[in-house]
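Geometric and topological summary
Here is how the chains run, residue by residue.
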Amino acid sequence: MTAGTAVAPPRDPAAVRPNLLEIENLFVRFELPTETVRAVSGVSLTVAPSETFALVGESGSGKSVSMLSVMGLLSSPPAVISGSIRLEGREVLGMSARRLRKYRGKDVAMVFQEPMSSLNPVHRVGRQIGESLRIHRGVSRAEARRQAIRLLDRVGIPSAKNRVDDYPHEFSGGMRQRAMIAMALACEPKLLIADEPTTALDVTVQAQIVDLVRELQAEYRLAVVWITHDLGVVAEIADRVAVMYAGRILETGQASDLYRATRHPYTSGLLRSIPRLDRSVTTRLAEIPGAPFRVVSELAACPFDDRCPLAGEGCQDALPELDTVGHGGHRSACIHHHQMGPASTLWPEGTVAGDQASADQAIDTVVSVRDLQVHFPIVRGLSRSRRRAIRAVDGVSLDVVRGQTLGIVGESGCGKTTLGRAMVALVRPTGGTIEINGKPINHRSGRHRRVVQMIFQDPFSAMNPGMRVEDVIAEPLRIHRLADTAAVRDRVTELLTQVGLPGDSGERYPHEFSGGQRQRIAVARALAADPEVVVCDEPVSSLDVSVQAQVINLLADLQARTGMAMVFIAHDLAVVRHVSHEVGVMYLGEIVEKAPRDQLYADPLHPYTKALLEAVPVPEPDYDTTRRTRLTGDVPSPADPPSGCRFHTRCPVAVEGLCSTVKPSLEEVTPGRWVSCHLVSPPAGHPAVAHLGLGE
Amino acid sequence: MAQYSVVVVVAVTLNFLLPRLMPGNPLALIAGVDVGMLTPDQRADIVARVGLDAPLWLQYFRYWGDIFTGDFGFSFRSSRPIVDMIWERIPWTLLITGLSLVVSAVVGVLLGALSAWRRGTKGDLSMLSGMISVESLPSFWLGMVLISLFAVQWGLLPSFGAVTPASDLEGWAHVWDIISHAIMPVAALSIVGTPGVYMTMRYSMLETLGEDYIRTARAKGAGERRVLFGHVARNTIAPVITVLAIRLGFAFGGTVIIETVFSYPGLGRLVFEAVAGRDYPVMQAAFLVFTAAVLVANLLADLLYPLIDPRTRTS
């Protein structure tokens with residue numbers, strides 16, 4: 001991997017070479033029947049050849065819309081675009097349809113967020129890659145296929161020759177994104193626009209894709225515009241950054257300046273609200289109040305004003321323009337930028353309300369899972385044989401303790417969601433036991449289910465759109481008879497206030513709330529049942545960065561106040577670290593390591609835990625990434641898990657003749673710390689152990 | 001496949017049980033109003049001849065045997081073998097339903113695609129409201145209007161039947177005779193059938209046009225023609241095939257009204273006559289044919305799907 005040899009950022013790119021892409025005063029608005037949404041309001045930026053430029057922002061900030069304008073992919077109506085976009089001096093806006101077709105895919109190419117939906121499901125992958133070549137170079141079918149194989153091989157698809165005729169659904173998520181990149185590079189464009197290309201992928205796969213793009217960039221002398229909400233990824237790849245909010249650029253400059261000498265309160269707030277692996281866990285995350293909004297009328301003042309701790313005199317008077325605040329083109333659109341102190345005083349972390357579960361408290365197990373198995377049969381063929389099964393959860397044992405949070409992490413397909421659903425009795429186990437307060441779990445409906453509640457990943461689909469918020473929250477109260485009919489309303493108001501929403505929000509319907517607010521409603525619904533355990537399945541992964549911190553803090557506050565136990569399922573290791581007391585790492589239906597949080601993060605023992613931790617991007621430019629071991633490949637199929645240690649096919653330190661044949665068991669290596677790895681607790685008497693001297 | 005056999009068994013069993021669950025004496029059904037005049041010997045003779053003296057399970061077993069040998073018994077009214085009656089009706093029904101299915105499929109798909117491609121324009125919206133109006137027309141009313149205009153008012157087309165009675169036409173004259181009799185029923189069925197196909201096509205294509213992979217294709221530099229035929233068409237057609245399959249399945253049963261209005265000698269009219277004359281064996285046999293038609297149409301759709309969408313192929 002050439003991760004360490006990435007091109008160093010030129011001192012001042014604009015001075016060295018003419019710009020490849022120049023955007024000047026870009027305005028985009030969507031004239032919809034009900035309202036006019038102003039998506040981009042006066043954006044100017046430049047991208048130099050072979051530079052990586054990151055466009056950072058939350059949902060609705062206008063980052064994708066600006067770049068779709070560069071591609072000429074916004075259909076108008078409803079889009080109305082003005083300003084100027086030039087690639088190598090040629091104006092893109094107002095180009096004829098014919099010229100636009102010759103420009104798209106040849107001069108500029110784009111990779112999208114969802115690799116599955118961005119590939120045509122009914123065409124073979126190779127044909128879709130070759131299509132650009134057929135369009136722009138007029139090559140023959142056979143030649144296009146040959147080139148597709150070469151490109152697939154180049155982007156790291158193993159045995160490309162055999163995969164070129166596969167359909168997209170036969171590829172894994174990571175492979176699909178590699179195929180998308182191959183497609184984008186087919187005609188060797190000068191500019192690659194990557195729109196959140198790793199957001200839908202696992203952290204391990206994200207690291208692979210980031211490495212791949214960096215390699216290709218050097219090889220193809222490619223300029224890359226990387227659109228993202230993740231400041232961690234930005235720090236790893238970007239030469240220069242622009243932070244967008246409400247359709248405006250609020251701060252721009254070289255990556256190192258933006259991270260180390262932040263000159264806009266919003267950038268600083270974003271950086272502060274990300275949970276990080278390299279900082280001590282404080283009781284609470286710094287949070288930006290409020291949520292991003294849709295701009296419907298022309299901006300006349302600083303759009304960040306109502307969420308900003310520096311807001312004061314003059315902020316409401318005029319729309320602040322980007323002003324030079326440092327060298328290397330560092331500019332900020334904040335009139336109070338010179339007053340910015342250290343980020344920690346600007347965005348304080350605060351403390352959790354109430355008492356944190358203290359160590360001297362007696363350990364009181366609420367949920368006890370023993371040797372849990374959830375297998376889903378694969379039904380196929382005329383005979384409807386059920387011989388094979390997806391082993392989603394395959395022998396998991398764990399305890400959830402009152403007042404504490406158990407974090408569960410792992411890549412997608414590791415069984416963490418199924419485990420969570422089994423604990424709430426939403427799926428029926430095929431083996432093992434789950435006990436709640438000493439009583440076996442009951443799958444029938446009824447009031448006994450009050451004790452365990454769940455918060456789901458997507459707050460948009462997790463509540464009935466036809467019910468008023470009041471009824472959404474009141475339903476558990478009514479089912480479990482937790483309040484008199486007269487008292488239900490008061491209790492709902494109380495719950496809404498507890499989760500930080502106005503007490504009168506109950507009158508409205510779920511669609512009237514933002515994602516973060518809806519997740520608060522979901523929390524209120526879970527709390528309404530007065531549960532002893534709440535299972536949270538990726539509760540913040542669909543939320544904006546600034547809103548994530550709010551919800552995480554809310555959950556921590558509520559736990560401190562009510563003493564409930566939580567199971568926190570997530571793929572984001574930093575988030576899990578922030579909320580959990582104990583963490584379990586899952587791989588292919590099994591727990592491979594389980595330990596108190598600080599032990600696990602400070603000294604991961606299982607190679608899989610190590611690899612997961614190393615894959616997490618650090619929001620710090622010039623962070624040494626060279627010594628990382630990257631996990632290769634994808635999670636194998638849970639229908640056919642590898643023999644021996646299930647991780648041995650991807651393990652960088654697997655011992656031949658041992659790990660592939662002998663299944664390691666989950667052993668307690670120090671009190672409270674469980675690991676399932678032959679290298680940590682070698683099986684006695686195995687020849688490989690004696691040979692390697694592992695027994696000492 | 002398993003589902004299909006279950007449906008067949010359930011349909012045949014229901015068909016067997018229904019008349020036996022009906023109140024009243026089966027003899028009354030067979031002999032009609034004269035039942036009171038039968039001697040005990042005659043009664044026993046009839047019961048034995050029809051097989052009603054055997055235990056129920058044996059009757060059921062024989063019923064299956066009859067179905068496999070194509071023996072549906074005799075019509076109460078005409079005393080003819082029901083198989084023969086059905087066979088002579090099927091070609092006429094197939095002629096008008098098949099033609100109208102092709103017409104409404106072609107017109108519906110083309111107009112639906114055009115509408116979706118020009119989504120939101122005046123043309124799209126007026127076509128959409130036009131189709132909704134057509135959909136709300138009752139088919140018998142449409143048939144009567146056609147008859148009163150083309151047959152009565154202008155005298156251009158014959159108003160009833162499938163051929164001119166006792167005309168002994170031959171060659172091209174005979175062919176034209178059949179066509180001229182089929183035009184109005186086919187037109188009525190096509191007009192009624194088109195809006196459903198149109199709406200499905202339009203909706204399905206709008207869905208497809210909004211897909212991410214269409215944006216990908218445009219980002220590659222694909223022109224409108226390539227986007228439409230290379231990426232949209234195949235992804236759009238699957239729901240349309242489902243609709244057409246359902247229509248094909250019901251085409252046998254759905255023609256009762258139109259065939260009655262035009263006195264067209266198809267299966268639908270046979271059923272109408274059977275219902276009017278309480279000819280239960282004929283009704284039973286016709287219902288079995290309808291069930292079979294629905295199943296065959298569904299099977300056809302199931303076989304077509306994997307050819308269109310590779311995700312539905314089982315490895």
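Each chain carries its own residue numbering, running from 1 in the written order of its sequence. As they are written, the chains are lettered A onward and the ligands numbered 1 onward, keeping that order. The model is predicted, so local features are restricted to residues of pLDDT at least 70 and side-chain atom pairs to those at 80 or more, both for listing and for counting; the totals for chains, interfaces and linings are taken over all residues. Neither water nor hydrogens contribute to the side-chain values; these are computed over all heavy atoms in the structure.

**Details of the environment of G277 of chain B**
Note on placement: G277 of chain B falls in the loop between α12 (267-276) and α13 (280-308). Separated by 200 residues in the primary sequence, G277 of chain B and R77 of chain B place their C-alpha atoms 7.6 Å from one another. For the purposes of this entry, the term helix denotes a DSSP run of H or I that reaches at least four residues, the term strand denotes a run of E that reaches at least two, and both are numbered from the N terminus.

**Quick word on the environment of E512 of chain A**
Residues and elements named next belong to chain A. Relative to the helices and strands, E512 is located in the loop between α16 (485-498) and α17 (515-528). When accessible area is computed with a 1.4 Å probe and restricted to protein chains, residues below 20% of their type maximum are described as buried, those above 50% as exposed, and intermediate ones as partly exposed. On the basis of relative accessibility, which here comes to 37%, the residue E512 falls in the partly exposed class. Distance from E512 to V469, taken between C-alpha atoms, is 9.8 Å for residues 43 residues apart in sequence.

**Things to note about the interface of chain B and chain A**
Any pair of residues with heavy atoms lying within 4.5 Å of one another is described as a contacting pair. Counting from both sides, the interface comprises 24 residues of chain B and, opposite them, 30 residues of chain A. Two parts placed together each lose some accessible area; with a 1.4 Å probe, that loss summed over both constitutes the buried area. Between chain B and chain A, a total of about 2,400 Å² is buried, with carbon and sulfur atoms accounting for 55% of that surface. Broken down residue by residue, the surface that chain B buries against chain A is led by R215, A219 and K220 of chain B, which jointly contribute 26%. One side-chain nitrogen of Lys or Arg within 4 Å of one carboxyl oxygen of Asp or Glu is enough to make a salt bridge. Taken together, the links from chain B to chain A amount to 2 salt bridges. Residue E131 of chain A pairs with K220 of chain B through a salt bridge whose shortest N-O separation is 2.8 Å. The definition of a polar contact used here is a pair of N or O atoms within 3.5 Å, where within protein one atom must be able to donate a hydrogen and the other to accept one, and adjacent residues in sequence count solely through side-chain atom pairs. The interface formed by chain B and chain A holds 14 residue pairs in polar contact (both at pLDDT 80 or more) in total. At the level of elements, α1 (2-21), α9 (212-219) and α10 (224-251) of chain B are the ones that each hand at least two residues to the side of chain B that touches chain A. It is α9 of chain B that contributes the most residues to the side of chain B that touches chain A, 6 residues altogether.

**Focus on the packing of aromatic side chains**
Aromatic ring pairs are described here by two measures, namely the spacing of the ring centres and the angle between the planes. Residues and elements named next belong to chain A. Each Phe, Tyr or Trp ring (for Trp, its six-membered ring) is paired with any other whose centre lies within 6.5 Å, and the angle between the two planes then decides the class: stacked below 30 degrees, edge-to-face above 60, tilted in between. The full count for this structure, using the stated rule, is 13 aromatic pairs over all chains. Judged by centre distance (5.3 Å) and plane angle (80°), the ring pair of Y245 and F304 falls under edge-to-face. In this pair, Y245 is assigned in strand β9 (residues 240-245) and F304 in the loop between α12 (265-273) and β11 (323-324), connecting sequence segments 59 residues apart. Each member of the pair Y245 and F304 is classed as buried. Every member of this aromatic cluster is reached through a ring pair, and the members are Y245, Y266, F304 and W347. For the cation-ring pair, R577 lies above Y601, with the distance from its terminal atom to the ring centre recorded as 5.9 Å. Two conditions define a charge sitting above a ring: the NZ of Lys or the CZ of Arg must be within 6 Å of the ring centre, and it must be within 35 degrees of the ring normal.

**So, the pattern of salt bridges**
Two side chains bearing opposite charge may form a pair once their charged atoms approach each other closely. For the structure shown, the criterion picks out 45 salt bridges over all chains. Linked through salt bridges whose partners overlap, the residues forming this network are R468, E470, D471, R478, R489 and E507 of chain A.

**Thoughts on the nonpolar core**
All names here are of chain A. Grouping buried Ala, Val, Leu, Ile, Met, Phe, Trp, Tyr and Cys residues that are joined through side-chain atoms within 4.5 Å yields what is termed a nonpolar core. Core analysis: the biggest nonpolar cluster contains 82 residues, and V70, I129, L152, I181, L191 and I193 have the highest contact counts within it. If one sorts the elements of this core by residue count, helix α8 (residues 173-185) sits on top with 8 residues. Leave out the neighbours within four places in its chain, and I193 touches M67, V70, M71, V108, A109, M110, V111, V225 and I227. With 62 residues, the next largest nonpolar core counts Y601, A611, L631 and C651 among its residues.

**Describing the pairing of strand β15 (residues 405-409) of chain A**
Two faces make up the sheet, and in a regular strand the side chains alternate between them. Residue and element names in this part refer to chain A. For β15, a buried count of 5 out of 5 residues is recorded, marking the element as mostly surrounded by other parts of the structure. Residues of β15 alternate between two faces, with T405, G407 and V409 on one and L406 and I408 on the opposite face, all of them buried. In the sheet, β15 pairs with strand β20 (residues 565-570) via 5 bridges, with the strands oriented parallel. In the sheet register, T405 faces β20, and the bridge partner there is M566. Two strands pair if DSSP finds at least two bridges between them.

**Some remarks on the confidence of the model for chain B**
Residue-level confidence of the predictor is summarised by pLDDT, bounded by 0 at the bottom and 100 at the top. Across chain B, pLDDT averages 84, with 93% of residues at or above 70. Two summary scores accompany this predicted model of the complex, namely pTM at 0.80 and ipTM at 0.78.

**Some points on the sheet that holds strand β16 (residues 431-436) of chain A**
Residues and elements named next belong to chain A. With antiparallel pairing, 4 strands are arranged side by side in an open sheet as β14-β13-β16-β17. Edge positions in the sheet fall to β14 (389-401) and β17 (439-440), since each has one partner strand and no second. Pairing of strand β13 (residues 365-377) with β14, which is carried by 10 bridges, proceeds in the antiparallel orientation. By the bridge assignment, L372 is partnered in β14 with V396.

**A short note on the confidence of the model for chain A**
In the predicted model, chain A carries a mean pLDDT of 85, and 92% of its residues have values of at least 70. Contacts of residues 1-8 of chain A to residues separated by more than four positions or lying in other chains number 9 contacts, the stretch itself having pLDDT below 50.

**Some points on a nonpolar patch on the surface**
What goes into a patch is any residue over 30% in relative accessible area without a salt bridge, connected to like charges within 9 Å or, for nonpolar side chains (Val, Leu, Ile, Met, Phe, Trp, Tyr), within 5 Å. Each accessible area value is a Shrake-Rupley result obtained with a 1.4 Å probe; residue values ignore everything except the protein chains displayed when judging cover. Where nonpolar side chains cluster on the molecular surface, the patch consists of V102, V103, V106, V107 and L110 of chain B and spans about 400 Å² of accessible area. On the secondary structure map, V106 of chain B appears in helix α5 (residues 82-117).

**Side note on the side chain of T194 of chain B**
Along the chain, T194 of chain B falls in helix α8 (residues 171-209). If we skip the residues at most four places from it in the chain, T194 of chain B touches S104, V107, G108 and M131 of chain B.

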